[in-house]
Every structure is written in structure tokens, then in C-alpha cells.
Amino acid sequence: MIERSLLRDDVFHRLRDAIVDGSFEPGEQLRDLELAQWLGVSRTPVREALLRLGEVGLVVARPGRSTVVSDLDVAGVRDAREVVAGMHAVAVRQAVDRLSENDLDEMRAANERFATAIRAGDLEAAHRADQELHGVPLRVAGNRAIAAVLEQYTPVLRRAENLRYATRAGLRSIEVHDALIERCAAGDALQASLVTYDTWHTLTDEPRSRPEG
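Asker: Please give an account of the side chain of Ser 193 that cites residues and values.
Answerer: As for its placement among the helices and strands, Ser 193 is situated in helix H9 (residues 189–201). We classify Ser 193 as buried; its relative accessible area is 2%. Within the structure, the side chain of Ser 193 is placed 2.6 Å from the backbone oxygen of Leu 190, a separation counted as a polar contact. Sequence-distant contacts of Ser 193, that is, excluding residues within four places in its chain, are made with Ala 89, Val 92 and Arg 93.

Take a look at the structure:
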């Protein structure tokens, strides 16, 4: 049962990542038999993965017809942005008092890798470094509910960035990351959470309002 669960999750993550990174484009049909052959699995975990992808809005299932990669939905991105920004802000606020110097050094090193990747135009490496940086307070906070919500909605924002924004906000993000680390090092949980909230809003151009402290 554990092996089946791991296989199901692996198939879901591989298909999700292929949509997020643009390997599967908006409007492209996803046929479970072809996907199963590509992944080297049976059709059952593929069908289960497609259902999950439909729940998070990355694919659209047309009963009796086909499943296609969804178009980028502005309202869906906006909703995901609010949720993801809010969850990261809460996680940082919970983590600040428990961050060690090693944790802060890990964040600094991740931002250095992020800066290098942004300047080289390597979006994949930039995303990876960004995840590593923000992953530190998430790990320290240890809030499983937050982790579960982010697992569902972060890919929607990553896809928006890949399809629309690329690295346009990347240079500013380097400075914002530095500000976040400084606030964390100072033990200022409120300001660190507000900086984090703003960081996730750099993925869109829409006007934003921050939550009250």
C-alpha cells in the first residue's frame, strides 16, 4: 500500500512539474495511455494524478472527450497568490524565534545561488534556490497544515511566473530576500512576515494590500 501511494505521488509530481515548466502547454491534450507509456506506469496512477491536477486547476477534464492543460486563469492565479503569500507569512512569523545561525546562513547561501541564477537567466535554478531559501522557515516552523496548502497552490504561481513573468521581478527579489534574512536575523517576526508576504506578490503585477500586523 505504501509503494502504491509513493508511485501515485511520484506520477502526480512529474505531471505537475511538466505542466508548470511548460513541457505541456496550455490547451495540449493529455491522454492517459500515452502518459502511462511515457512514465512507465499503468494507467491507474495517471488517471488519479489527472484528477488531482484538475482539483488544483492545472488541467481541465472534459467528460467523455479529453483532458487538456488549462489556460492560465488570472482569477485563479490571484487567489493562489493570496493563499501562498499568507501561508508563507504565517510560517515565517512562527519560525523567526527558532531560526539558528546555521539556518540563516542556509538562507543567505540560497539567495546567493538565486542571484547567480537570475543573472544567468537560468529560471529553473532560480526557482530551486528560491524554494530552498523559503523552505528554511517552513521547515523550522514545522506546520504541516501550511505545508499541505502550499503543496497545492504554489505550482499555480510557478506556472504563472514561467508563462508570463519569467525573471522580470528576479533582480528585485534578490534585495527582498536580503531584507527578509535581515529581519529574521534581528528577530523581528512581524516585519519578516510582511516582507515574506510582499515577496510572493512580486510574481504578479496587480496592486496588493498587506495584511494588518
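Further notes follow.
Asker: How would you sum up the pattern of salt bridges? Please name residues and give values.
Answerer: A full pass over the atoms with the stated rule returns 16 salt bridges. Residue Glu 124 pairs with Arg 128 through a salt bridge whose shortest N-O separation is 3.9 Å. Of this pair, Glu 124 and Arg 128 both sit in helix H6 (residues 123–141), four residues apart, which is roughly one turn of the helix. Residue Glu 124 is classed as exposed on the basis of its relative accessible area of 60%.

Asker: Give a description of the packing of helix H4 (residues 74–95) against H6 that names residues and reports values.
Answerer: In contact at an axis separation of 8 Å, H4 and H6 are set at 65° when each is read in the N-to-C sense. The chirality of how H4 crosses H6 is left-handed. Judged by residue contacts, His 88, Ala 91, Val 92, Gln 94 and Ala 95 of H4 engage His 134, Pro 137, Leu 138, Val 140 and Ala 141 from H6. For the contact of H4 with H6, a count of residues per class yields seven nonpolar, three polar and no charged.

Asker: Please give an account of the packing of aromatic side chains that cites residues and values.
Answerer: According to the stated counting rule, one finds one aromatic pair in the structure shown. Plain terms: the ring middles of Phe 24 and Trp 38 are 5.6 Å apart, the flat faces sit at 70° to each other, and that makes the pair edge-to-face. Of this pair, Phe 24 sits in the loop between helix H1 (2–20) and helix H2 (32–39) while Trp 38 sits in helix H2, and the two are 14 residues apart along the sequence. Residue Phe 24 is classed as buried on the basis of its relative accessible area of 12%. Given a relative accessible area of 47%, Trp 38 falls into the partly exposed group. Here the basic side chain of Arg 52 rests over the ring of Phe 12, its NZ or CZ set 3.9 Å away from the ring centre.

Asker: How would you sum up helix H3 (residues 43–55)? Please name residues and give values.
Answerer: Relative to the 18 Å expected for 13 residues at 1.5 Å per residue, H3 spans 19 Å between its end C-alpha atoms, a close match to the ideal helical length. Residues of H3 that are buried: Pro 45, Val 46, Ala 49, Leu 50 and Leu 53. For H3, the angular spread of the buried residues around the axis is 140°, confining them to a single face. Facing away from the buried surface of H3 by more than 90 degrees, the exposed residues are Leu 51 and Glu 55. Looking at the residues trailing H3, positive phi occurs at Gly 57, about 85°.

Conventions adopted
Residues numbered from 1 in each chain as written. Predicted model: local features only at pLDDT ≥ 70, side-chain atom pairs only at ≥ 80, totals over all residues. Heavy atoms only, no water. Helix = DSSP H or I, 4+ residues; strand = E, 2+ residues; numbered from the N terminus. Buried < 20%, exposed > 50% of the residue type's maximum accessible area, 1.4 Å probe, protein only. Polar contact = N/O pair within 3.5 Å; in protein donor to acceptor, adjacent residues only side chain to side chain. Contact = heavy atoms within 4.5 Å. Salt bridge = Lys/Arg side-chain N within 4 Å of Asp/Glu carboxyl O. Axes fitted to C-alpha atoms, helices over the stretch in contact; angles between N-to-C directions. Left-handed = near helix turned anticlockwise from the far one by under 90°. Nonpolar A, V, L, I, M, F, W, Y, C, P; charged D, E, K, R; others polar. Phe/Tyr/Trp six-rings, centres within 6.5 Å; stacked < 30°, edge-to-face > 60°. Lys NZ or Arg CZ within 6 Å of the ring centre and 35° of its normal. Expected span 1.5 Å × (residues − 1). Arc of directions from axis to C-beta.

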